[in-house]
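# Summary of the model geometry
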Amino acid sequence: MTTGLSRWPPGQRAPAPPLRGRTLDGKALSLADFRGNVVVVNVWGSWCSPCRAEAPDLRRAANETRARGGRFLGIDTRDNAAAARAFVREFAIPYPSLVDEEGSLLLSLRDTVPARAIPSTMLVDRRGRIAARVVGQVTYPTLTGLIDNLLAEAPRGKP
């Protein structure tokens, strides 16, 4: 599996897939609900050691970028509900995660994220297009740099 960072310039970005489902607390949620914001989509599992290692960096970046338009959405894949909720409590994750017990949401990302690449992080621009991905563990400096770059792009409808 290839790990690392990939970025796409605005003219080469594909639309993000229509991710939707139920969150760990049972609420309906869709990636489209975040349209107009820069969205970080992180695929994780409570059983994944690199996911545990990156969780504090994700939490910090989510808290620090929210006021500027950064939004986060987790995809908890191939996990059980009790372990996933314990992970969220342990790491004080401040954003929702979609439940993906069978891996179907991860499969919908197959054109961007390899199906066995957990953790993986995908960044979606304000227009709903995939701007970057990190296959493997993401770090705070990488994540906030990518978010800052996307937030600096012209908002929707602007040149």
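Please refer to the structure higher up on the page.
Note that residues are indexed from 1 along each chain, following the sequence as it is written. Given that the model is predicted, a residue must reach a pLDDT of at least 70 before its local features are reported, and side-chain atom pairs must reach 80 or more before they are shown or counted; all residues, however, enter totals for whole chains, interfaces and linings. Calculation of side-chain values draws on the structure's entire complement of heavy atoms; hydrogens and water are dropped beforehand.

## Regarding the pattern of salt bridges
Any Lys or Arg side-chain nitrogen found within 4 Å of a carboxyl oxygen on Asp or Glu counts as a salt bridge. Tallying each qualifying case throughout the model produces seven salt bridges. Where arginine 52 meets glutamate 90, a salt bridge forms, and the shortest distance between an N and an O atom there is 2.6 Å. Taken together, the residues span a long stretch of sequence, with arginine 52 in helix α1 (residues 49-65) and glutamate 90 in helix α2 (residues 81-91) at a distance of 38 residues. With its nearest N and O atoms 2.9 Å apart, the salt bridge here joins aspartate 148 to arginine 68. Within this pair, whereas aspartate 148 is found in helix α4 (residues 140-152), its partner arginine 68 is found in the loop between α1 and β5 (70-77), the two being separated by 80 residues in sequence. The buried label goes to any residue with under 20% of its type's maximum accessible area, the exposed label to any with over 50%, and the partly exposed label to all in between, with areas taken from a 1.4 Å probe on protein chains only. Since its relative accessible area comes to 33%, aspartate 148 is described here as partly exposed. One network of salt bridges, with partners in common, ties together Arg13, Asp125, Arg129 and Glu153. Numbering of helices and strands runs from the N terminus; a helix is a DSSP stretch of H or I covering at least four residues, while a strand is a stretch of E covering at least two.

## Here's the deal with the state of the cysteines
Any two cysteine sulfur atoms within 2.5 Å of one another count as a disulfide. Here the structure, examined in full by the defined rule, presents one disulfide. Between the sulfur atoms of cysteine 48 and its disulfide partner cysteine 51 the distance amounts to 2.4 Å. Because the torsion about its S-S bond is 80 degrees, the bridge between cysteine 48 and cysteine 51 counts as right-handed. Cysteine 48 sits in the buried class, given a relative accessible area of 3%. You can call cysteine 51 buried: its relative accessible area is 1%.

## Here's the deal with the packing of α1 against α4
Only the contacting stretch of a helix is used when fitting its axis, a line to C-alpha atoms as for every element, and angles between N-to-C directions run 0 to 180 degrees. Packing of α1 against α4 brings their axes to within 9 Å, and their N-to-C directions diverge by 30 degrees. In terms of axis orientation, α1 runs roughly parallel to α4. The chirality of how α1 crosses α4 is right-handed. Touching Asp57, Leu58, Arg60, Ala61, Glu64 and Thr65 of α1 are Tyr140, Leu143, Thr144 and Ile147, all from α4. Under this grouping Gly is polar, as are all residues other than the nonpolar Ala, Val, Leu, Ile, Met, Phe, Trp, Tyr, Cys and Pro and the charged Asp, Glu, Lys and Arg. Tallied by class, the residues present in the contact of α1 with α4 amount to five nonpolar, two polar and three charged. Every angle not falling under 35 degrees, over 145, or within 65 to 115 is termed oblique; those three ranges are roughly parallel, roughly antiparallel and roughly perpendicular. For a crossing to be left-handed, the near helix must be turned anticlockwise from the far one by less than a right angle; the clockwise case is right-handed. A contact between two residues is defined here by any heavy atoms of the two lying within 4.5 Å.

## A few points about the packing of aromatic side chains
Here is the rule: rings of Phe, Tyr and Trp (six-membered ring for Trp) pair when centre to centre is within 6.5 Å. Planes less than 30 degrees apart are stacked, more than 60 are edge-to-face, and the remainder are tilted. Inspection of every chain in the model, using the stated rule, returns three aromatic pairs. Relative to phenylalanine 87, the ring of tryptophan 44 has its centre 4.4 Å away and its plane inclined at 20 degrees; by these criteria the two rings are stacked. Of this pair, tryptophan 44 sits in strand β4 (residues 38-44) while phenylalanine 87 sits in helix α2, and the two are 43 residues apart along the sequence. Judged by its relative accessible area of 5%, phenylalanine 87 is buried. A ring pair is formed by phenylalanine 87 and phenylalanine 91, whose centres lie 4.8 Å apart and whose planes are at 50 degrees; its orientation type is tilted. Of this pair, phenylalanine 87 and phenylalanine 91 are both found in helix α2, four residues apart, which corresponds to roughly one turn of the helix. Across the pair, exposure class does not vary: phenylalanine 87 and phenylalanine 91 are buried alike. Among the aromatic residues, those joined into a ring-pair cluster are Trp44, Phe87 and Phe91. Arginine 60 extends its terminal NZ or CZ atom over the ring of tyrosine 140, reaching a point 3.6 Å from the ring centre. Our definition puts a charge over a ring when NZ of Lys or CZ of Arg is within 6 Å of the ring centre and also within 35 degrees of the ring normal.

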